[in-house]
Amino acid sequence: MVNLQCSPELRMFLCALYAPVCTEYGRMTLPCRRLCLQAKSDCYKLMDMFGVSWPQEMDCNRFPDCDAPYPRPVDLLSGSDATDSPVSVQRDYGFWCPRELKMDPDLGYSFMGVRDCSPPCSNMYFTREELTFARYFIGVVSIVCLSATLFTFLTFLIDVSRFRYPERPIIFYAVCYMMVSLVFFLGFLLEDKVSCNAASPGRFRASTVTQGSHNKACTLLFMVLYFFTMAGSVWWVILTITWFLAAVPKWGSEAIEKKALLFHACAWGIPGVLTVTLLAMNKIEGDSVSGVCFVGLYNLTALRWFLLAPLGLDVVVGVALLLAGIAALNRVRIEIPLEKENQEKLVKFMIRIAVFSVLYLVPLLAVLGCFLYENSHRAIWETTWVQEKCREYHIPCPYQVERTSRPDLALFLTKYVMMLIVGIPSVFWVGSKKTCFEWASFFHGKRRKDGMVNESRQVLQEPDFARLLLRDPNAPIVRKSCGTSTQGTSTHASSTHLAMLDEPPSASTSRAGSVRSARSKMSSYHGSLRRSRDDRYTAPSFRAADDRLLYGSMPRLNDQPSRHCSTNRLDGLSRHGSTQRLESQSRHSSARDLTGTAAHGVPGNGIHRVLEEDGTTA
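Worth saying up front: this structure is predicted, and the values here are computed from it rather than measured.

Each value, and the rule that gives it
Residues numbered from 1 in each chain as written. Predicted model: local features only at pLDDT ≥ 70, side-chain atom pairs only at ≥ 80, totals over all residues. Heavy atoms only, no water. Core = buried A, V, L, I, M, F, W, Y, C linked by side-chain atoms within 4.5 Å. Buried < 20%, exposed > 50% of the residue type's maximum accessible area, 1.4 Å probe, protein only. Helix = DSSP H or I, 4+ residues; strand = E, 2+ residues; numbered from the N terminus. 1 Å grid on protein atoms, 1.4 Å probe; cavity = no way out; pocket = protein on both sides within 12 Å on 5 of 7 lines; lining within 4 Å. Points joined across faces, edges and corners; volume = space filled by probe spheres on them. Nonpolar A, V, L, I, M, F, W, Y, C, P; charged D, E, K, R; others polar. Phe/Tyr/Trp six-rings, centres within 6.5 Å; stacked < 30°, edge-to-face > 60°. Contact = heavy atoms within 4.5 Å. Disulfide = S-S within 2.5 Å. Salt bridge = Lys/Arg side-chain N within 4 Å of Asp/Glu carboxyl O. Axes fitted to C-alpha atoms, helices over the stretch in contact; angles between N-to-C directions. Parallel < 35°, antiparallel > 145°, perpendicular 65-115°, else oblique. Left-handed = near helix turned anticlockwise from the far one by under 90°. Expected span 1.5 Å × (residues − 1). Bend = angle between axes of the 7 residues up to and from the residue. Polar contact = N/O pair within 3.5 Å; in protein donor to acceptor, adjacent residues only side chain to side chain. pLDDT = per-residue confidence, 0-100. Patch = residues over 30% accessible without salt bridge, like charges linked within 9 Å, V, L, I, M, F, W, Y side chains within 5 Å. Areas by Shrake-Rupley, 256 points an atom, 1.4 Å probe, with all protein chains shown as cover.

## Considering the nonpolar core
- If you look at the biggest cluster of nonpolar residues, it comprises 99 residues, and the most contacted ones within it are F95, F184 and Y226.
- Secondary structure elements with two or more residues in this core: α3 (128-158), α4 (169-190), α5 (216-247), α7 (260-281), β6 (293-294), α8 (300-335), α9 (340-393) and α10 (409-421).
- In terms of residues, this core owes the most to one element, α5, which gives 19 residues.
- Grouped together as the second largest cluster of nonpolar side chains are 15 residues, L10, M47, W54 and C60 included.

If you want it as structure tokens, here you go:
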């Protein structure tokens, strides 16, 4: 009968009868009797021609006697303003998904605990102007963070050997947040093309937020963003672990680097497992504010278990290891007597660790605070939204709402900004004179020569604190000087041994001298093992003299005045029977015996004078 268009009032009458206007749940109005009579009179003859009778449930006598177009103005008033309002339902019916937000059952959507429903793409809490400002703000911050982290990574590529463990995780940490910044920048460019489903007016479907993995672009953005966000936090924990190993057990760079495979397995494996789990659970959600896809935006369970729990655990473990490492470094600074230059470098190193950690922890704690605040207030925000939109969507309004609240845009902006700037502290770590030197050489296109590289490393190289921490706290500090060696009588023994080696053996004593030399070397080897408390050798041996000759004595003996003086004295020593006295020295194995032998010897003997003058020279 509708297709035959027997009456212009028939379609409106049937809609008013079978799909009446419902402005409030439990309150429904019927069409006027006049509308029923008009439709029946227009179509009765045609229906009788086809042998169809007027249905009993459409009897016009059961409708109210009124003469007004449908829907009547009174139907659009609230229950208190209506003249003949029916009895209203006095209980909470919960959230009913509006028809505009309904989704296909096979997609697995869910919103406010209702299946096959999705949030509206036009944000539930903010106006279009606020969303535009937020999107541009996030885009600018993402560009800044992307530039900073990219600079850190390129600095590493210029000189890979510069960043060794325990500071190597900073580079991987910067790479992770470089990818996070890139995803937010792509979200800024794409706007809501990926994070939202297009509207379908023919099916009465509004634009809704994307959920699940059916949208491939949204799934890809989610995988990159969530994976590298978690990986960045894990790399920070690994950084604190490497600092702890270098400071407390005093591991060297090589020992820590041997665990690199384990570090990479944890840093990439744990985020990978979490990402795959979320994909299997279909917990991906589009973000209408930033234009990306993430987790925990509307699902509080996913927010608690996949964001708050892992990030909170990373903060607790990282802070504990960081404090232990800083305490160990401070103990090294106090207990080990370092040179002034190394003392200052150690203090600067501790300050860099502390500042870098604060610059990382403050944004991360701010993000956790935003997540916690969002978790505790999300239910109130959603109830307020339903109360404001229930009449527009023709769904039951909340019953007895005690408190209403809307989120502040500054809260969401703080969350996004802190998620991005947490990668900027990596620039603080690589920022130094050496970085400027390397970039200047790179832009000039000149290959640095080996001498220039070595010189720059000597001037600008950061101290190897991993090796410094391996020093025994009870071992004395031997300071280098420009003069001769200061380790007791080792200088005298070196000179005396050199004199014996330089003296040409005579025909009568060459064979006996070789035997005595072998015997004296053997006895002096045992004597050289004894030290006094002030670390002075009591019996310097020829073997020790050989070592010191090879590693420390040769440059000093090349000095012209010293060489002439020592040669004259050593010649005099050889002329007065040095072989016999040296044999006596090695047999007694002490410098005191050597001095005593020289003092009670023949007047005019040269050995006492040589020892005295060599000691004065030293």
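## Some remarks on empty space enclosed by the protein
- According to the stated counting rule, one finds seven cavities of 30 Å³ or more in the structure shown.
- What the largest cavity holds in volume is close to 110 Å³.
- Residue lining of the largest cavity: N123, Y125, G286, D287, V289, L297, Y298, E374, R378, F412, K415 and Y416, and that is the complete set.
- Those elements that provide at least two residues to the lining of the largest cavity are α9 and α10.
- Ranked by residues supplied to the lining of the largest cavity, first place goes to α10 with three residues.
- Residue composition of the lining of the largest cavity, grouped by class: six nonpolar, two polar and four charged.
- Contributing to the lining of the second largest cavity are Y177, T229, F294, L307, L311, P363, L364, V367, F371, M418, M419 and V422.
- Of all elements in the fold, only α8, α9 and α10 reach the threshold of two or more residues within the lining of the second largest cavity.
- For the lining of the second largest cavity, the leading source of residues is α9, giving four residues.

## Notes on the packing of aromatic side chains
- A complete count under the given rule lists 35 aromatic pairs for this structure.
- Through successive ring pairs, a cluster of aromatic residues spans Y173, Y177, W236, W243, F356, Y360 and W429.

## Overview of the environment of E57
- Counting through the fold element by element, E57 comes out in the loop between α2 (33-49) and β1 (110-111).
- A C-alpha to C-alpha distance of 9.7 Å links E57 and L17, two positions 40 residues apart in sequence.
- Contact partners of E57, with chain neighbours within four places excluded, come to Y18, R62 and F63.

## A short note on the state of the cysteines
- In the structure shown here, the tally under the stated rule is seven disulfides.
- In this model, C32 is linked to C66 through a disulfide, with the two sulfur atoms separated by 1.8 Å. For the disulfide bridge between C32 and C66, the dihedral angle about the S-S bond is near -110 degrees, and by the sign convention the bridge is left-handed. Here the residue C32 occupies a position in the loop between α1 (10-18) and α2, and C66 occupies one in the loop between α2 and β1, the gap between them amounting to 34 residues. Neither residue differs from the other here; C32 and C66 are each classed as buried.
- Disulfide pairing is shown between C121 and C196; the S-S distance is 1.8 Å. Between C121 and C196, the S-S torsion sits near 80 degrees, and that sign places the bridge as right-handed. Pair noted here: C121 is in the loop between β2 (114-115) and α3 and C196 is in strand β3 (residues 196-197), with a separation of 75 residues, a long-range link.

## Some details on the pattern of salt bridges
- Under the counting rule described, the total for this entry stands at eight salt bridges.
- A salt bridge links E257 to R164, with the nearest nitrogen and oxygen atoms 3.9 Å apart. Note that E257 is positioned in helix α6 (residues 253-257) and R164 in the loop between α3 and α4, a separation of 93 residues in sequence.
- Look at E257 and you get partly exposed, because its relative accessible area is 36%.

## Points about the environment of C218
- With respect to the helices and strands, the residue C218 is situated in helix α5.
- The contacts of C218, once residues within four sequence positions are left out, are V194, T210, I284 and C293.

## Comments concerning the packing of α4 against α5
- In the contact formed by α4 and α5, the axes pass within 8 Å of each other and the chain directions differ by 155 degrees. The angle between the axes of α4 and α5 places the two elements in the roughly antiparallel class. Regarding α4 and α5, the two cross each other, and that crossing is left-handed.
- In terms of residue class, the contact of α4 with α5 is made up of 21 nonpolar, four polar and no charged.

## Some points on α8
- The end-to-end C-alpha distance of α8, which contains 36 residues, comes to 51 Å, matching closely the 52 Å that a straight helix rising 1.5 Å per residue would cover.
- The largest bend in α8 comes to about 30 degrees, at L308, with the proline P310 one to four residues further on.
- Two to three positions downstream of the cap, the backbone nitrogen of T301 sits 3.0 Å from a side-chain oxygen, assigning the N-cap of α8 to N299.

## Considering the side chain of T149
- For T149, the position within the fold is in helix α3.
- Its relative accessible area of 0% is what places T149 among the buried residues.
- Here the side chain of T149 touches L146 through a polar contact of 3.2 Å, landing on its backbone oxygen.
- The residues touching T149, leaving out its near neighbours within four places in the chain, are A174, Y177, M178, G423 and S426.

## Looking at the environment of L311
- Residue placement: L311 occurs in helix α8.
- Between the alpha carbons of L311 and L368 there is a distance of 7.5 Å; along the sequence they are 57 residues apart.
- With sequence-adjacent residues up to four places away left out, L311 is seen in contact with M230, S233, L364, L368 and F371.

## Focus: the packing of α3 against α4
- The contact between α3 and α4 brings their axes to 8 Å, and the two run at 150 degrees. Judged on the interaxial angle alone, α4 and α3 are roughly antiparallel. In terms of crossing hand, the pair formed by α3 and α4 is left-handed.
- For the contact of α3 with α4, the residue count by class is 17 nonpolar, five polar and one charged.

## Digging into the confidence of the model for the protein chain
- Looking at the protein chain as a whole, its pLDDT mean stands at 74, while 66% of the residues score no less than 70.
- In this model, residues 447-466 is a region of pLDDT below 50 whose contacts with residues beyond four sequence positions or in other chains number 27 contacts.

## A short note on a nonpolar patch on the surface
- On the surface, M1, L4, M49, F50 and V52 cluster together into a nonpolar patch covering about 520 Å² of accessible area.
- Here F50 shows up in the loop between α2 and β1.
- Note on F50: relative accessible area 54%, which makes it exposed.

## With respect to α5
- In this model, α5 (32 residues) spans 46 Å end to end at C-alpha, consistent with the 46 Å of a helix rising 1.5 Å per residue.
- For α5, the N-terminal cap is N215; the gap from its side-chain oxygen to the backbone nitrogen of A217 is 3.2 Å.

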